[in-house]
Structures are given as structure tokens and as C-alpha cells.
Amino acid sequence: MKLLWCYLGIMSILLFVIMGWDKLSAMREKRRVPEATLFLLAVIGGAPGGVMGMICFRHKIRKPGFAIGFPVLAAAWFAAMWMIGIR
């Protein structure tokens, strides 16, 4: 169980950093991280960090897919972790 929490933490940190990088790239009009990549990282465990990245960097907060999708994915991950933890 601890290993799974570590995985979730690492993926969250990774997506948080990538959200910051993408925001910086947007401001500098440089090459961006594809939205599909951001969602893939959220699906495989980075959603909590993605939510924090949205808030901290004020990035992708106007896009409904991100504004709704990331928090829902984060809640789903925490629910899954809770369900695994009670067995």
C-alpha cells in the first residue's frame, strides 16, 4: 500500500512540474506539452498534482475538460486508494 502511495506522489509531483513548465512555455510562446499528454499523466496517477498545478500556476483553469476532469480523476484516485486500503 505504501508503494502505491509513493507512486501516486511521484506521479503528482511530475504532473505538477509539467503543468508549470507548460505554463512557462505558453507565456514565452514556446513549444507546448500536448493536452493528451497532460490527461494521460493525470489518468495514470498524476491528477492530484495536476489539480495543484492548475491552482498554483493558474493554468488550464478555463478549459472545462481540465477544470472538471482533473478534480474528478483526483477524487477517483483517492477513492480507489481508500477502497484498496480497507481490504
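Model, not experiment: these values are computed from the prediction.

Q: What is the right way to look at the packing of helix H1 (residues 2-27) against helix H2 (residues 35-57) in this model?
A: The relative placement of two packed helices is expressed as an angle between their axes plus a distance between the axes. Relative to each other, H1 and H2 sit at 60°, their axes nearing to 7 Å. For the element pair H1 / H2, the angle class is oblique. Every pair of crossing elements has a handedness; the one defined by H1 and H2 is right-handed. In the contact of H1 with H2, the residues fall into 18 nonpolar, seven polar and two charged.

Q: Any chance you could explain the confidence of the model for the protein here in plain terms?
A: In low-pLDDT segments, the atomic positions of the prediction should not be examined closely. Scored by pLDDT, the protein has a mean of 95; 98% of the residues are at 70 or more. Mean pLDDT across the elements of the protein bottoms out in helix H3 (residues 64-85) (94) and peaks in H2 (97).

Q: Please clarify how the packing of H1 against H3 should be interpreted in this entry.
A: Viewed as axis vectors pointing N to C, H1 and H3 meet at an angle of 170°, and their least axial separation amounts to 11 Å. As the angle between them shows, H1 and H3 are arranged roughly antiparallel. Residues Leu4, Trp5, Tyr7, Leu8, Leu15 and Met19 of H1 form the contact with H3, whose own contacting residues are Phe70, Trp77, Phe78, Met81 and Ile84.

Q: Just to check I follow, could you spell out unusual backbone geometry for this structure?
A: The general pattern is negative phi for most residues beyond glycine and trans for most peptide bonds. The residue Arg58 is not glycine, and still its phi comes out positive at about 50°. Position of Arg58 among the secondary structure elements: in the loop between H2 and H3. Backbone geometry at Lys60 places phi at a positive 65°, although glycine is not the residue there. Mapped onto the fold, Lys60 is located in the loop between H2 and H3. Here Lys60 falls in the buried class, since its relative accessible area comes to 12%.

Q: Can you help me understand the pattern of salt bridges in this one?
A: If charged atoms from side chains of opposite charge come close, those side chains can pair. Applying the stated rule across the entire model yields three salt bridges. In this structure, the salt-bridge partner of Glu35 is Lys63, at a minimum N-O distance of 2.5 Å. A residue pair is termed long-range when its members are at least 10 positions apart, and Glu35 in helix H2 and Lys63 in the loop between H2 and H3 qualify at 28 residues. Take Glu35: its relative accessible area is 30%, and that puts it in the partly exposed class. If you follow the salt bridges from partner to partner, you end up with Glu35, Lys60 and Lys63 in one network.

Q: Sorry, what's going on with the environment of Gly46 here?
A: Among the secondary structure elements, Gly46 is positioned in helix H2. The exposure class assigned to Gly46 is buried, which follows from its relative accessible area of 0%. In the structure, Gly46 is positioned 21 residues away from Ala67 in sequence and 15 Å away in space, judged by C-alpha atoms. Among all residues touching Gly46, those that are not within four sequence positions of it are Met11, Ser12, Leu15 and Leu41.

Criteria and thresholds
- Counting starts from 1 at the beginning of each chain's written sequence and moves along it residue by residue.
- Totals for whole chains, interfaces and linings use every residue, but because this is a predicted model, local features are given only for residues with pLDDT of at least 70 and side-chain atom pairs only at 80 or more, for both listing and counting.
- In computing side-chain properties, one takes all heavy atoms of the structure into account and sets aside hydrogens as well as water.
- To obtain an axis, a line is fitted to C-alpha atoms, over the contacting stretch when the element is a helix, and the angle between two such axes runs from 0 to 180 degrees between their N-to-C directions.
- The helix and strand labels rest on DSSP assignments: H or I over at least four residues marks a helix, E over at least two residues marks a strand, and numbering proceeds from the N terminus.
- When an angle is under 35 degrees it counts as roughly parallel; over 145 it counts as roughly antiparallel; between 65 and 115 it counts as roughly perpendicular; any other value is oblique.
- For any helix crossing, the convention is left-handed if the near helix is rotated counterclockwise from the far helix by under a right angle, and right-handed if that rotation is clockwise.
- Ten residues, namely Ala, Val, Leu, Ile, Met, Phe, Trp, Tyr, Cys and Pro, are considered nonpolar, four, namely Asp, Glu, Lys and Arg, are considered charged, and the remaining ones, Gly among them, are considered polar.
- The predictor attaches a confidence to each residue, and that confidence, scored 0 to 100, is pLDDT.
- By definition, residues are in contact when any of their heavy atoms lie within 4.5 Å.
- Accessibility here uses a 1.4 Å probe with only protein chains present; expressed as a share of the type maximum, an area under 20% marks a residue as buried, one over 50% as exposed, and anything in between as partly exposed.
- Definition used for salt bridges: Asp or Glu carboxyl oxygen within 4 Å of a side-chain nitrogen of Lys or Arg.

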